[in-house]
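Notes for the structure review
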Amino acid sequence: MLNHLLTTNELKVEEIYQILTDARKFADGMKWKPESQMFTANLFFEPSTRTKSSFEVAERRLGLEVIPFEVLTSSVQKGETLYDTVKTLESIGVNAIVIRHDQDRYFDELVGKVNIPIINGGDGCGHHPTQSLLDLLTIYQEFGRFAGLKIAIIGDIRHSRVARSNADVLTRLGAEVIYSGPEDWFDNRSLSLSRFRPIDEAIRESDVVMLLRVQHERHQQKGNFTANEYHKQYGLTIEREKLMKPGSIIMHPAPVNRNVEIADSLVECGRSRIFKQMENGVFVRMAALKRSLESLKGGNNYEAAYSELKLHSI
Amino acid sequence: MLNHLLTTNELKVEEIYQILTDARKFADGMKWKPESQMFTANLFFEPSTRTKSSFEVAERRLGLEVIPFEVLTSSVQKGETLYDTVKTLESIGVNAIVIRHDQDRYFDELVGKVNIPIINGGDGCGHHPTQSLLDLLTIYQEFGRFAGLKIAIIGDIRHSRVARSNADVLTRLGAEVIYSGPEDWFDNRSLSLSRFRPIDEAIRESDVVMLLRVQHERHQQKGNFTANEYHKQYGLTIEREKLMKPGSIIMHPAPVNRNVEIADSLVECGRSRIFKQMENGVFVRMAALKRSLESLKGGNNYEAAYSELKLHSI
Amino acid sequence: MLNHLLTTNELKVEEIYQILTDARKFADGMKWKPESQMFTANLFFEPSTRTKSSFEVAERRLGLEVIPFEVLTSSVQKGETLYDTVKTLESIGVNAIVIRHDQDRYFDELVGKVNIPIINGGDGCGHHPTQSLLDLLTIYQEFGRFAGLKIAIIGDIRHSRVARSNADVLTRLGAEVIYSGPEDWFDNRSLSLSRFRPIDEAIRESDVVMLLRVQHERHQQKGNFTANEYHKQYGLTIEREKLMKPGSIIMHPAPVNRNVEIADSLVECGRSRIFKQMENGVFVRMAALKRSLESLKGGNNYEAAYSELKLHSI
């Protein structure tokens, strides 16, 4: 049974804890390498610095060979389907594949038909499980728990891959999630309006202020906001940071629009975990790759890892 | 004496058998690595998923360092000649180079002037020797011989790199080659019209049905065909597959235009060797690279390999 | 204290000699590898074959992992600043970074704010220190000294990254630098007009004829020259080469415009060190990377290396 990593929704709580445990071990210097030469490929159909590079580093830390794949110079230009591209890579010996694609749930046409694990590096406006997992790791490192935490997700919720999957998984893990930002950008079909808060209240109450990127490239109309207006109305300004509780932290999936979602001078302030999140990204991706590669030969024990995390909390 | 790999026409029968022998050994797990660190580069002036990735995997399986080279971001953009680009790579320590280029026989301006072996990854409408070799390996694995086989090459023969070089080499190896497809796309200047067959007859008679890709990107005018008409008149439809002899196989160099050259459901049917061909591509490329790299120090023994294949046929 | 490599002007003479000493040792087969896995990235915001590939080879010879970074497919497309891009790469574990950027002194916004060494692969019309260093190595290999040599820099001086930094560093090392080429392309604000010579005189007098590339892509107006006129008036023609002193050499940073800066048949003539320069590029880049990576743990002794070079001159 292949361990794909498609959405956090599909991960059981024990699986989440296992990935986090392995990620923490990698952060602490654990070595894990496959016994023989193994190959990965990163298929990014959308621009990305951080996710792609982060996977690259994770793959090489695991001693994997990374086959370069540039969409612009590939047969995708000749109209090849995603299935045929993946099947080709499988045929030439690629053992696991990371895909970012602008189509929601692109992986539905692959799962069950390909024989190598797929790690979702982001699909459409849908999911971005390694981003969720690195957020979880960052929160867990800070607080040692999820239960009882209040987490504010602020900004462009409708277009964010992160917002919905984080909201779901954080709730399952025992945290309370609230939202803020422009009401027009709030998707009340899938999220409860009762959890929506005015911006100052959200920032004052929460243990984690999780800002979302304003995705200029996805907004056809930006609403009536200039960057400056957005910052004043919904951004983490220098003034609003002073409302935050002692010990509460700032997170952002990056790339940051400085002085839009967050004041320039706060990006690297004492509360900010923004670059810590990037660091953690490598470790959760190492853990995700390990989990997928191990599934190629079977044999995976969630319970053991789960109890271990419980015993040795950070 | 450098062992370039430029065209199959220039390979002696013994050389072909040596490459196939090495490829079979690599498929069986043979390890071969150069004693010291060696460098390759893949210069692809045309889009490619499968050939480029296949070379990448082959190179890394041999423990070679692969220097990335993207035409779009290179000095080729500043008008540098191919010769100067190759000479540059030679100067910085690249030991062997793979080139795909849209100009027929681009390598004529290189051979004799550069001191590193060139492996042709496809030139213009001309040659694609590693594709021919992987086709040969796939046929040999299936039948254990070439003599007495009847092979139908069907489709866009005029624009196919594969058609002419395969026809030549298969004939030299003792097989009988016939053609089918749109008559307008048949190049009667270089191929005998007496070998042209109606599509159903070609499919009924042959041991190997080798379909060629309709190269939309090369056809200025597609003739009068819609995709659907092409499929009905010249494609391997579900009905035509039933005409095939027991034990005969389907091949295609890919990427496949599903429901044009071949019915979607036949791409992975029991007769299809399409993904097997891709697998074999890695092994023949490993063998071709080994042959070229070994020529850097001299010492290559075709006869030995040749007799070995004869003794231990599959 | 991080050892960036930003401009040759900022390098002390002892530092230059240390880099050249290490480069010569690498040319002679010295092995140096970091004790644990280390990561680099090459950020090229302008096209380049030779510099980028040369760094790639240098990095792999040192056993470094190279994280691919293509500007076209990165978050730079989403408007990310250079600082945030570099900080991201630092966060995910990149240990040293090579940057080419079209903005003069792009590195001023990075130095002091990032914790990994930056190696300048060329900035705007400003600096290109590894190119200067490879020129120095090539001259030193030839003459065993700089003092007393006369070096003519000929061509597009105003737009050349190489001209000004080479002029400065060669003068500091004891050589005499003169200039020639179109007077309109001579920048008399920063360079002394008294060192300007007519082309034939410059070629006749000098030990090193250093030709600069006519940078078509930077010239809005090319002046009144056709390629042919430029060659006749300011190029190294077959006739002018005959004026050169015995033992004097030809250099060019490449890519060469054949029959513009230099006659086609002279590119690989006995006096030409053009491809030797490329070879040397790998060795000085290995030395520069070693110097930067060693600075991550401190401990660098210029004086020792300096005396060593003095003792064992080539």
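As recorded in an unreviewed UniProt entry, chain A goes by Aspartate carbamoyltransferase and comes from Neobacillus ginsengisoli. Database annotation for chain A, UniProt heading Sequence similarities (unreviewed entry): "Belongs to the aspartate/ornithine carbamoyltransferase superfamily. ATCase family." What UniProt records for chain A under Function (unreviewed entry) is the sentence "Catalyzes the condensation of carbamoyl phosphate and aspartate to form carbamoyl aspartate and inorganic phosphate, the committed step in the de novo pyrimidine nucleotide biosynthesis pathway."

The interface is formed by 23 residues belonging to chain B together with 23 residues belonging to chain C. Both faces combined, the contact of chain B with chain C buries some 2,100 Å², and carbon together with sulfur accounts for 55% of it. In this assembly, chain B and chain C are joined by 3 salt bridges. The closest approach of N and O atoms between Arg60 of chain C and Glu65 of chain B, which form a salt bridge, is 3.3 Å. Scanning the region where chain B abuts chain C turns up 7 residue pairs in polar contact (both at pLDDT 80 or more). The set of elements that each furnish at least two residues to the side of chain B that touches chain C consists of β2 (65-67) and α3 (82-91) of chain B.

Moving on, we get to the relation of the copies chain B and chain A. Each copy of the sequence occupies a distinct position, and chain B is placed on chain A by a rotation of 120° and an axial shift of 0.0 Å, giving an RMSD of 0.0 Å. Overall, the copies show the geometry of a three-fold rotation axis. By C-alpha distance to the rotation axis, the residue of chain B lying nearest is Pro68 of chain B, at 4.9 Å. Taken as a fraction of all interface residues of chain B, those also at the interface in chain A reach only 4%, which identifies the copy contact as different-surface.

Our focus in this paragraph is the sheet that holds strand β4 (residues 118-123) of chain A. Residue and element names in this part refer to chain A. Strand order across the open sheet formed by 4 strands is β2-β1-β3-β4, with parallel pairing between neighbours. Because the sheet does not close on itself, it has two edges, and the strands there are β2 (65-67) and β4. When strand polarity is set aside, the average angle formed by the axes of neighbouring strands in this sheet is 20°. When strand β1 (residues 39-44) meets β2, the two strands line up parallel, connected through 3 bridges. Bridge pairing in β2 links Phe39 to Glu65. This element, helix α3 (residues 82-91), spans β1 and β3 (96-101) of the sheet and lies at about 160° to β1.

What follows deals with the UniProt feature "binding site: carbamoyl phosphate" (unreviewed entry) in chain A. Residues and elements named next belong to chain A. If you check UniProt for "binding site: carbamoyl phosphate" (unreviewed entry), the listed places come out as Arg50, Thr51, Arg100, His128, Gln131, Ala254 and Pro255 in our numbering. Side-chain polar atoms of His128 contact the side chain of Arg100, separated by 3.2 Å. Summarising the element assignment, Pro255 is placed in the loop between β8 (249-251) and α9 (274-295). On the basis of relative accessible area, Pro255 is assigned to the buried category, the value being 6%.

All right, on to the packing of aromatic side chains then. As enumerated under the stated definition, the model contains 15 aromatic pairs over all chains in all. Ring centres of Tyr230 of chain B and Tyr234 of chain B lie 5.6 Å apart, and the angle between their planes is 50°; on these two criteria the pair is classed as tilted. In this pair, Tyr230 of chain B and Tyr234 of chain B both sit in helix α7 (residues 227-234), 4 residues apart, roughly one turn of the helix. In this structure Tyr230 of chain B comes out as buried when scored by relative accessible area, which is 3%. Taking relative accessible area as the criterion, Tyr234 of chain B reaches 17% and is therefore assigned buried. Plain terms: the ring middles of Tyr140 of chain C and Phe146 of chain C are 5.4 Å apart, the flat faces sit at 45° to each other, and that makes the pair tilted. Comparing Tyr140 of chain C with Phe146 of chain C shows no difference in burial state: the two are buried. Ring-pair connections join several aromatic residues into one group, and the members of that group are Tyr17, Tyr140 and Phe146 of chain A. Directly above the ring of Phe55 of chain A sits Arg285 of chain A, whose terminal nitrogen or CZ lies 5.0 Å from the centroid.

Let's shift gears to helix α1 (residues 13-27) of chain A. Residues and elements named next belong to chain A. An ideal rise of 1.5 Å per residue puts 21 Å on 15 residues; α1 measures up with 21 Å between its terminal C-alpha atoms. Counting buried residues in α1 gives 11 out of 15 residues, a clear majority hidden from the surface. Count one or two residues on from α1 and you reach Gly29, which has phi positive near 105°.

Moving on to the packing of α1 of chain A against helix α4 (residues 129-143) of chain A. All names here are of chain A. At their nearest, the axes of α1 and α4 sit 10 Å apart, and the two run at 70° to each other. When the axis of α1 is compared with that of α4, the two are roughly perpendicular. Our pair here, α1 against α4, has a crossing hand that is right-handed. Residues Ile16, Tyr17, Ile19, Leu20, Ala23 and Arg24 of α1 form the contact with α4, whose own contacting residues are Leu133, Leu136, Leu137 and Tyr140.

Definitions and limits used
- Within any chain, residue numbers begin from 1 and follow the written order of that chain's sequence.
- Starting at A for chains and at 1 for ligands, labels are handed out in the order in which the entities are written.
- Restriction of local features to residues with pLDDT of at least 70 applies here, the model being predicted, together with a cutoff of 80 or more for giving and counting side-chain atom pairs; totals for whole chains, interfaces and linings are based on all residues.
- Values shown for side chains rest on all heavy atoms present in the structure; no hydrogens or waters enter the calculation.
- UniProt positions are given in the numbering used here, feature names are shortened, and annotations may be inferred rather than shown by experiment.
- The contact criterion used is simple: two residues touch if any of their non-hydrogen atoms lie within 4.5 Å.
- For any pair of parts, buried area is found by adding up, for both, the accessible area (1.4 Å probe) each one loses once the two are put together.
- Just to be clear on terms, a salt bridge is a Lys or Arg side-chain nitrogen sitting within 4 Å of an Asp or Glu carboxyl oxygen.
- N or O atoms closer than or at 3.5 Å make up a polar contact, with two conditions inside protein: a donor-capable atom paired with an acceptor-capable one, and, for residues adjacent in sequence, both atoms drawn from side chains.
- Labels follow the DSSP assignment, with helices taken as runs of H or I lasting at least four residues and strands as runs of E lasting at least two, numbered in each case from the N terminus.
- We superpose the copies by least squares over the C-alpha atoms of residues that have a pLDDT of at least 70 in both of them.
- DSSP bridges decide pairing: two strands pair if at least two such bridges lie between them.
- Comment: axis = line fitted to C-alpha atoms, over the contacting stretch for helices; angle = value between 0 and 180 degrees taken between N-to-C directions.
- Exposure classes here rest on a 1.4 Å probe applied to the protein chains alone. A residue is buried below 20% of its type maximum, exposed above 50%, and partly exposed in between.
- Think of it this way: a Phe, Tyr or Trp ring, Trp meaning its six-membered ring, pairs with another when their centres are within 6.5 Å, and the plane angle makes it stacked under 30 degrees, edge-to-face over 60, tilted otherwise.
- Distance and angle both matter: a charge sits over a ring if NZ of Lys or CZ of Arg is within 6 Å of the ring centre and within 35 degrees of the ring normal.
- Helices are assigned an expected span. That span is 1.5 Å times one less than the residue count.
- Note on terminology: angles under 35 degrees are roughly parallel, angles over 145 are roughly antiparallel, angles of 65 to 115 are roughly perpendicular, and the others are oblique.
- Helix crossings get a hand from a simple test, with the near helix turned counterclockwise from the far one by less than a right angle marking a left-handed crossing and a clockwise turn marking a right-handed one.

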